[in-house]
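Here is how the chains run, residue by residue.
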Amino acid sequence: MLIQPIDYFLVVWFVLVAASTAYVAYDQFRNNPEPAVMKWGFVLVTLYTGPLGLLVYVLADKEPRPGEHEAFIKPLWKQGIGSTIHCVAGDATGIIVAAAVTALLGLPMWIDLIVEYIAGFAFGLFIFQALFMKSMMGGTYWQNVRKSFLPEFISMNFMMAGMAPVMGFLMMGRDMRAMDPLELLFWGVMSLGVIVGFATAYPANIWLVQQRLKHGLMTERKEESAARENVRKAAKPHEQKRTTHARHQAAAKENEHKGHMMASDVTGPQLAAVAGISVLALALGMAAPANWVNLTLSARDVAGAMMPPGMIMDRDTPAAAMLDMSAVHPRLITADYGLDARGDSELKPLIDGDTKVFNLETSVVRWTILPGVTVDAYAFNGQVPGPRLQMTEGDKVRINVTNKLPESTSVHWHGLILPNEMDGPAEITQKPIEPGETYRYEFTVRQSGTYFYHSHDHVDRQQALGLYGALVIDQDKPDVSLTADYEYVIMLQEWLKREGLTYPAMPMDGGQPNYFTINGRSYPSTDTVQMRVGETVKVRFIGSSNGFIHPMHIHGGPFVVVARDGMTLPLSGRFEADTINVGPGQRYDVIWKALKPGKWLIHCHIGHHTTNNNVETEGGGGLMMILNVTS
Ligand SMILES: [Cu+2]
């Protein structure tokens, strides 16, 4: 799914990869006079490195004009390229296949890296290197395996020394879609890994070619092949090898070859030193990432999670912590709502005998908080906040909660006195409601006042993504001292939206919010309450926010606090104030009287909470709304 700029870049990249590979394959098999194994080597490497493979091919191997291949490929740097190509073609193929398989099997990253090394080495040695050597040098397959073991070992070590850290850091980085072979990003990381691996293996390959421990580029003319074919038909097997080899010598313009051996004057200490350094480089490349990223996790553990910028993720961050803070994946969105949709709409109950029945359903939606600004949210009945449940003291109620989220959930009826098994905490009083399941909550309402309901499973994630709603319970005998001309419920929430993705806001590194909503809207898209001088409004503040306290302030004169946490304050306990701290879970009912005409604000008194992504629009943002009083 194309959800980030990198995804579009990767589409372009892989189109270029396809075009580059097609060109190299066409030119190799049509125009290039070189051995078939080398042709395949270039095709595979271009498949992994795209335009860079094409560049290397054109600069080092593509015959510039007919008959010039022999002279063109002679410089040592080009011979080094040839040697690196057949190392990388084999090793990278083994590594990439192993990486895809281990990811799909759900093995931890550190095992992935070891399996990839073994697979890359085996594929390089047994398939590419030994076969390549055999076709060039003759001899039995196993003689060639033995001969190519050390050069292949050195080259593979240096390649993996470059490729392993690229895979370790990027796959376990902020965008862990890179762990999933079904995502384009996985293949992008593989491409980059091969490019870096090529670069780190190249110097060693120059040395190996120079020491005649590995072959570089070669020329094999068609006429020669035809001649060889004729000779093969005529000659006995033993003679045929010698003749073929003699022709090979001529083609490569190498005079020092003797029998099946390449004459190398490399010394034991030289070879041991280079092999030793290659082992050191390999160990560093494989182990170093484990200092910073958690290589004990598998692709299955992190499930392609995308993490917020600034989250501290280190070698001991558990997968559950990552999933908890990860973005809502846009592919999970089932509905898209504009500014015409409203949260906190009253849900009319169905009547079943003496019971009021409310049906709630959770799902992932895209919700508009400001013109042009959306968040990806968890919603009850497609609303943020969820629908308002209006009840009366003494009601028997049944609430069916159906879970259409990608994860389990449960619902807690905050502040209500009810049977323990109806209280909602997942794993404590009930089994979590798994995706697709429905749980039936049933109780009789014994209280009255302002309450709310919210998720009680992975609360820090789910409530911070919008899973809450108001529960307003009327008294069976209304108390006139609690009534006002108007009523308005205010539910507070913080959001973290960055680079097109929504993360649950939390008071921790990487989790700090940059948008704030009253009833699912940021100012200036919040409601305005219209009233006249002398009229009163009862504001029910609900601390539906998850980790942030909001000192809520009303301009234009004090309000009277008449209830706290659903409980009516006795007349002697009521008090006047103009700011009240609404902490998570708290509710305050306040009655404000319009004394003078004008636009009077209700807003949070933390300045940052009245901005939208740190920007003020029309005098503010976020947790701000207007009481518009006319005379
Ligand atoms: Cu605030």
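Residues numbered from 1 in each chain as written. Predicted model: local features only at pLDDT ≥ 70, side-chain atom pairs only at ≥ 80, totals over all residues. Heavy atoms only, no water.

**Student:** Whenever I open this one, the coordination of the copper ion confuses me. Can you help?
**Tutor:** The reference angle at a metal is 109.5 degrees if four donors form a tetrahedron and 90 or 180 degrees if six donors form an octahedron. Protein-derived ligands of the copper ion are H550 (ND1), C604 (SG) and H609 (ND1), with the metal-ligand distances lying across 2.0 Å. Counting gaps between the donor residues of the copper ion yields the pattern H-x53-C-x4-H. By the burial criterion, C604 is buried, and H609 matches it. (Donors = N, O, S within 2.8 Å, 3.2 Å for Na, K, Ca; no water. Buried < 20%, exposed > 50% of the residue type's maximum accessible area, 1.4 Å probe, protein only.)

**Student:** Would you mind going over the side chain of T536 with me for this structure?
**Tutor:** Topologically, T536 is positioned in strand β15 (residues 536–542). Judged by relative accessible area, which is 17%, T536 ranks as buried. Apart from residues lying up to four places away in sequence, T536 is in contact with A484, D485, Y486, M531, I591, W592 and K593. (Helix = DSSP H or I, 4+ residues; strand = E, 2+ residues; numbered from the N terminus. Contact = heavy atoms within 4.5 Å.)

**Student:** Is there a simple way to think about the packing of aromatic side chains in this case?
**Tutor:** To describe a pair of aromatic rings, one takes the distance between the centres and the angle between the planes. If you walk through the whole model with that rule in mind, you get 15 aromatic pairs. Consider the rings of F121 and F153, whose centres lie 6.1 Å apart with planes at 85 degrees: the pair is edge-to-face. One end of the pair, F121, is in helix α6 (residues 109–137); the other, F153, is in helix α7 (residues 141–171), with 32 residues separating them in the sequence. Of the residues examined, F121 reaches a relative accessible area of 12% and is grouped as buried. (Phe/Tyr/Trp six-rings, centres within 6.5 Å; stacked < 30°, edge-to-face > 60°.)

**Student:** Quick question: what am I supposed to make of a nonpolar patch on the surface here?
**Tutor:** Together, Y23, Y26, L52, L55, V58, L59 and W77 make up an exposed nonpolar region whose accessible area comes to about 660 Å². Listed by contribution, the elements that provide at least two residues to the nonpolar patch are α1 (5–31) and α3 (51–60). Residue contributions to the nonpolar patch peak at 4 residues, all from α3. One can find Y23 in helix α1. Look at Y23 and you get partly exposed, because its relative accessible area is 33%. (Patch = residues over 30% accessible without salt bridge, like charges linked within 9 Å, V, L, I, M, F, W, Y side chains within 5 Å. Areas by Shrake-Rupley, 256 points an atom, 1.4 Å probe, with all protein chains shown as cover. Salt bridge = Lys/Arg side-chain N within 4 Å of Asp/Glu carboxyl O.)

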